[in-house]
Amino acid sequence: MNTVSPTLQALSCADDYDPNSIPVPKAREVIARFLSPVSTMERVAVRAALGRVLAEDVVSPVDVPSHDNSAMDGYAVRFADLKQDGKVTLKVAGSSFAGVPFAGSVSAGQAVRIMTGGVVPEGADTIVMQEHAEAKDGQVSIGGGHRQGQNLRRAGEDLKQGQPALRRGQPVRPAEIGLIASLGIAEVSVYRKLRVAFFSTGDELVSVGLPLAAGQIYDSNRYTIYGMLTRLGCEVIDMGVIRDDPKLLEAAFREAASIADVVITSGGVSVGEADFVKELLNQLGEVVFWKIAMKPGRPLAYGKIGDAHFFGLPGNPVSVMVTFYQFVRDALLKLSGRDPIDPLPAFKVPCTSSLKKAPGRTEFQRGILTRDDAGNLSVRVTGEQGSGILRSMSEANCFIILPTDQGNVTPGTLVEVQAMESVI
Ligand code: AMP
Ligand code: MG
């Protein structure tokens, strides 16, 4: 049964909501209204947390660093013993190496040999680097020009005990597992992985390993989608190729929606006789929109089947990746509990190619960003921009984003580029 949600009702009353040609920013905004992140948590060992999202703040159980320590190899001294202009000679009373502190305290006229990370002994308040000291026969001579407290890292300077070191919603990357380990914490709470089921639709599709008959092609979308989902840390459920048969498609949709948080399909959303996806989705759930004013990727369906989110990506291999990158990525990150969601790095550089572009849609052309010998960045377009040419995605390292009103681009014009690396 097709029940229309209040959100969808509100949307269809809005002036600028046209599900037949929705502008790119509007489509993102509309999707975002439907997304509520997973809330189930699990405790995992630090290394197993890599690639996951923190479900709780990580609070520091200790001061970091735990002691005042030296930032240099040198001598720990009492600043009051030094002369601003002129040399003093101090007696070396012992040493403080990383992990082996000096047992006593530094008295007037004394210095302690100290290595980087060594605990600053009691009595000392300044570190003189070894390049500024001359050691001889158990004594050390030090010249003028030092500052009280120099080269010293204070206890709790990086982080005070009880302070959150990391926030809920942050992704756990190599830096974070290192930081968590540095606090002596062995386990953290992360959100459960987002479950994403996906399948390809099309009578022409053949899975790898089988021979192709006339008119058939290999299914590549299940591979790119698998790759992008895996990079985003999702639990992937590959449901294979489903024929363009309404019965089979309906069964696949029902199953996918019952086992996954998100269902992603490719193909079957363009206006062809054998393309049933939109029709079916209208019966099983609700379609929020199905056409975006963009190129490539105009037919992109977003909707809900029960509690599951549904993305009906176009069939063309490039369109699949572009729409995934532009819409699905952020949605999956939000559903996974990421907060905030880092935008993909984007900036303007001169374009060295001439680009064909008609006003009316946002275009995502595939670009190659390079740096010349003088260190200046520029972008050129990968050859042909057909939405079936997957090689253009492989050659590219960025999208060249051309806004709706933009026309043709002449060489030398500044264009916006967006990095691809984190997913592709
Ligand atoms: P459709 O939207 O189903 O009409 O598909 C548009 C184009 O994308 C057609 O040329 C399809 O053959 C192609 N296509 C659809 N699905 C896939 C897939 N899984 N792998 C490679 N090409 C596909
Ligand atoms: Mg098809």
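Note that the structure is predicted; figures quoted are calculated from it, not measured.

Caption draft 1: Inspection of the sheet that holds strand β20 (residues 299-305) at higher detail. On the basis of which strands lie adjacent, the open sheet formed by 6 strands has the order β16-β13-β17-β21-β20-β18 and mixed pairing. Only two strands of the sheet have a single neighbouring strand rather than two, namely β16 (235-242) and β18 (286-291). Sheet twist, expressed as the average angle between the axes of neighbouring strands with direction ignored, equals 15°. As paired strands, strand β17 (residues 262-266) and strand β21 (residues 308-313) are joined by 5 bridges and run parallel to one another. The partner of valine 263 across the bridge, within β21, is phenylalanine 310.

Caption draft 2: Region of interest: the sheet that holds strand β6 (residues 110-114). Taking strand neighbours across the sheet as the criterion, the 6 strands line up as β7-β4-β6-β5-β9-β8 in an open arrangement whose pairing is mixed. Edge positions in the sheet fall to β7 (126-129) and β8 (133-136), since each of these pairs with one other strand and no more. Averaged over neighbouring strand pairs, the angle between their axes works out to 35° when direction is ignored. Bridging between β8 and strand β9 (residues 139-142) involves 4 bridges; their strand directions are antiparallel. Bridge assignment links alanine 133 to a residue of β9, and that residue is isoleucine 142.

Caption draft 3: Representation of the site of ligand 1 within the structure. Around ligand 1 sit 16 residues, and of these Glu204, Asp219, Ser220, Gly268 and Gly315 come closest. One nitrogen or oxygen atom from the side chain of glutamate 204 is found 2.6 Å from an oxygen atom belonging to ligand 1. Measuring from an oxygen atom of ligand 1, one finds a backbone N or O atom of glycine 268 at 2.8 Å. Alone, ligand 1 offers 480 Å² of accessible surface; in the complex the protein occludes 77% of this. Judged by its atoms lying within 2 Å of the grid points, ligand 1 is housed in the second largest pocket. Residue composition of the shell around ligand 1, grouped by class: 4 nonpolar, 9 polar and 3 charged.

Cut-offs applied
Residues numbered from 1 in each chain as written. Chains lettered and ligands numbered in written order. Predicted model: local features only at pLDDT ≥ 70, side-chain atom pairs only at ≥ 80, totals over all residues. Heavy atoms only, no water. Pairing = 2+ DSSP bridges. Helix = DSSP H or I, 4+ residues; strand = E, 2+ residues; numbered from the N terminus. Axes fitted to C-alpha atoms, helices over the stretch in contact; angles between N-to-C directions. Near = heavy atom within 4 Å. Polar contact = N/O pair within 3.5 Å; in protein donor to acceptor, adjacent residues only side chain to side chain. Areas by Shrake-Rupley, 256 points an atom, 1.4 Å probe, with all protein chains shown as cover. 1 Å grid on protein atoms, 1.4 Å probe; cavity = no way out; pocket = protein on both sides within 12 Å on 5 of 7 lines; lining within 4 Å. Sits in = over half its atoms within 2 Å of the grid points. Nonpolar A, V, L, I, M, F, W, Y, C, P; charged D, E, K, R; others polar.

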